[in-house]
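Examination of the molecular architecture
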Amino acid sequence: HCLKQLIADERAGKLRGKIVAVLSNHQALRSVVEEAGIEFLWHPSTDKPAHMKWLVEQLNKRQIDLVVLARYMQILTPEVVRAYPHKIINIHPSLLPHFPGPNPYRQAWEQGVRVSGCTAHFVTENLAEGPIVLQDVFHIDIGVDDVDAVRTKGQRLESEVLRQAVQYFLNEQLVVADDRVVFKPG
C-alpha cells in the first residue's frame, strides 16, 4: 500500500524526486514495481551479511539520496545506517516509542488502547528510536474493532504518513538537529 502510494505520487508529479529502484529481500512486490516501469532487484536475506553487502552496493551504484523502508521487515546493520545518516525513512505501525516490536497493531488491540497510529522516522542503529518525522493517529472502537479492523485502519494511515514524510525530505523542509526533526519555516 505504501509503495503504490509513492508510485502514484511520483506519476502525479507530487514527488520532487524519482523512484530509481526498489531493492527488496523478497519478490512479493515485483509485479507492482515492474508495471510502474521501475527497476526491481532482490536478494534473499537468509544470509544477512551477504544481503546487506548487496544492499549497500546497489544503493551506492545508484547514488541514492533517500532510502524508504516499507515492508522491508529487516533490521539494517550499523554499516548500512552509517552509510546513509538521516537518509533512511521507515514507516512503523505504532506511535513510537510505544509498541516498537513486531505486531504493533495486535499489541494495541490486545492492550485496549483507544488511539493508535503510525510513525515515519529516520532509521538509526537503535531499533525504532530514530528521529521522528511525522506521526498520525486513528481511533480504535473498543468492542467493535477486531485486530484486522485495527490493522486496516493503520495501513490506510501508513501510506499517508510515509508519503508526507518523504515529501518533506525531498522538498528540503526538514533538518535533523540534536536527534530531533525540525521543520524549516515557510
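Summarised in this report is the structure supplied together with it. Quantities reported herein were computed from a predicted structural model and do not represent experimental measurements.

Glancing now at the side chain of serine 24. Positionally, serine 24 belongs in strand 1 (residues 21-24). Within the structure, the side chain of serine 24 is placed 2.7 Å from the backbone oxygen of histidine 26, a separation counted as a polar contact. Residues in contact with serine 24, not counting those within four places in the same chain, are Phe40, Leu41, Trp42, His43, His51 and Trp54.

Moving on to the sheet that holds strand 4 (residues 88-92). Sheet architecture is open: 4 strands sit in the order 3-4-5-6, paired in mixed fashion. In the strand order of this sheet, the two ends are held by strand 3 (67-69) and strand 6 (132-139), each with one partner. For this sheet, the mean inter-axis angle between neighbouring strands, taken without regard to orientation, is 15 degrees. The sheet contact formed by strand 5 (residues 115-122) and strand 6 spans 7 bridges and is antiparallel.

It is worth spelling out the pattern of salt bridges at this point. Per the counting criterion, the structure on display carries 9 salt bridges. With a closest N to O distance of 2.9 Å, glutamate 39 and arginine 62 form a salt bridge. One end of the pair, glutamate 39, is in strand 2 (residues 39-42); the other, arginine 62, is in the loop between helix 3 (48-61) and strand 3, and 23 residues separate them in sequence. Here glutamate 39 falls in the partly exposed class, since its relative accessible area comes to 36%. Given the relative accessible area of 18%, arginine 62 is considered buried.

Helix length check: helix 6 (residues 147-170), at 24 residues, gives a terminal C-alpha distance of 34 Å against a target of 34 Å (1.5 Å per residue), a fit within 8%. Two to three positions downstream of the cap, the backbone nitrogen of aspartate 148 sits 3.2 Å from a side-chain oxygen, assigning the N-cap of helix 6 to aspartate 146.

Taken as a whole and judged by the stated rule, the model has 0 disulfides. In this structure cysteine 2 is a free cysteine whose sulfur lies 7.9 Å from that of cysteine 118, the closest cysteine sulfur available. With a relative accessible area of 6%, cysteine 2 lands in the buried category. By relative accessible area, which is 0% here, cysteine 118 ends up buried.

Between leucine 96 and the following residue, proline 97, the backbone shows a cis peptide bond with an omega angle of 15 degrees. With respect to the secondary-structure elements, proline 97 resides in the loop between strand 4 and helix 5 (104-110). Unlike most non-glycine residues, alanine 128 shows phi in positive territory, near 55 degrees. Along the chain, alanine 128 falls in the loop between strand 5 and strand 6.

With that settled, the discussion passes to the pairing of strand 2. Relative to strand 2, strand 1 runs parallel, the two being bridged by 4 bridges. Bridged to leucine 23 within strand 2 is leucine 41. With helix 2 (residues 30-35) bridging strand 1 and the parallel strand 2, this β-α-β connection has right-handed handedness.

All right, on to helix 3 then. With 14 residues, helix 3 ought to run about 20 Å at 1.5 Å a step, and its terminal C-alpha atoms sit 20 Å apart, in line with that. If you check which residues of helix 3 are buried, you get His51, Met52, Trp54, Leu55, Gln58 and Leu59. Each buried residue of helix 3 lies within a common arc of 160 degrees when the element is viewed along its axis, so the set occupies one face. Turned more than 90 degrees from where helix 3 packs its buried face, Pro49, Lys53 and Lys61 sit exposed. On its buried face, helix 3 sits against strand 1, strand 2, strand 3 and helix 4 (78-83). Just beyond helix 3, the residue with positive phi is glutamine 63, at close to 50 degrees.

Reading guide: rules and limits
Residues numbered from 1 in each chain as written. Predicted model: local features only at pLDDT ≥ 70, side-chain atom pairs only at ≥ 80, totals over all residues. Heavy atoms only, no water. Helix = DSSP H or I, 4+ residues; strand = E, 2+ residues; numbered from the N terminus. Polar contact = N/O pair within 3.5 Å; in protein donor to acceptor, adjacent residues only side chain to side chain. Contact = heavy atoms within 4.5 Å. Pairing = 2+ DSSP bridges. Axes fitted to C-alpha atoms, helices over the stretch in contact; angles between N-to-C directions. Salt bridge = Lys/Arg side-chain N within 4 Å of Asp/Glu carboxyl O. Buried < 20%, exposed > 50% of the residue type's maximum accessible area, 1.4 Å probe, protein only. Expected span 1.5 Å × (residues − 1). Disulfide = S-S within 2.5 Å. Right-handed = clockwise from strand over helix to strand, strands pointing away. Arc of directions from axis to C-beta.

The quantities given are spatial measurements derived from coordinates; they are silent on function.
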